[in-house]
Amino acid sequence: QPVAVAVLGHLEQLALVDFRDAEGVERLRKAIQFADQLHEVNTDGVEPMDSVLEDRCLYLREDDVTEGNCVNELLKNAREKVEEYFVAPPGNIPLPKLEERETFLQGS
């Protein structure tokens, strides 16, 4: 099943992975095909799990804030930031323009 251009662009932005060549598109198709196997599992009547460690007692601790109010100081360490968030890893993959992706996908 072909991958829609809009979905491909969104995945590139989320994953910072370049899918512009045939190898990248094929890798993505194989990953989707692998994940599609989950649709074959019958989960009718199965309650969703809260944790994969449901057989263990998980101890919670108090979330006591002892320090803080140093956002600006911490953000000075960021190579790249968006608003008040670190961008990690730094986006080093130039994303193609929409027209370039459409041209490539037509040939695949």
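Residues numbered from 1 in each chain as written. Predicted model: local features only at pLDDT ≥ 70, side-chain atom pairs only at ≥ 80, totals over all residues. Heavy atoms only, no water.

On average, residues of the protein carry a pLDDT of 77, and 80% of them reach 70 or more. Per-element confidence in the protein ranges from a low mean pLDDT of 57 for helix α4 (residues 98-106) to a high of 89 for helix α3 (residues 71-75). (pLDDT = per-residue confidence, 0-100. Helix = DSSP H or I, 4+ residues; strand = E, 2+ residues; numbered from the N terminus.)

This next bit is on the pattern of salt bridges. According to the stated counting rule, one finds one salt bridge in the structure shown. The residue Arg 27 makes a salt bridge to Glu 23 at a minimum N-O spacing of 3.1 Å. Taken together, the residues span about one helical turn, with Arg 27 and Glu 23 both in helix α2 (residues 22-36) at a distance of four residues. Glu 23 gets classed as exposed once you look at its relative accessible area, which sits at 55%. (Salt bridge = Lys/Arg side-chain N within 4 Å of Asp/Glu carboxyl O. Buried < 20%, exposed > 50% of the residue type's maximum accessible area, 1.4 Å probe, protein only.)

Turning to the environment of Gly 24, a few remarks are in order. Mapped onto the fold, Gly 24 is located in helix α2. Judged by its relative accessible area of 0%, Gly 24 falls in the buried class. In contact with Gly 24, other than residues within four places in its own chain, are Asp 18 and Phe 19. (Contact = heavy atoms within 4.5 Å.)

Together, Met 49, Val 52, Leu 53 and Leu 58 line one region of the surface with nonpolar side chains, adding up to about 410 Å² of accessible area. Position of Leu 53 relative to the elements: it lies in the loop between α2 and α3. Relative accessible area serves as the criterion here: at 33%, Leu 53 is assigned to the partly exposed category. (Patch = residues over 30% accessible without salt bridge, like charges linked within 9 Å, V, L, I, M, F, W, Y side chains within 5 Å. Areas by Shrake-Rupley, 256 points an atom, 1.4 Å probe, with all protein chains shown as cover.)

Turning to unusual backbone geometry, a few remarks are in order. If you check the backbone angles, Asn 69 has positive phi at about 55° while not being a glycine. Here Asn 69 is to be found in the loop between α2 and α3. One non-glycine residue, Glu 83, lies in positive phi territory at about 55°. With respect to the helices, strands and loops of the structure, Glu 83 is situated in the loop between β1 (81-82) and β2 (85-86). Residue classification places Glu 83 among the exposed residues on the basis of a relative accessible area of 68%.

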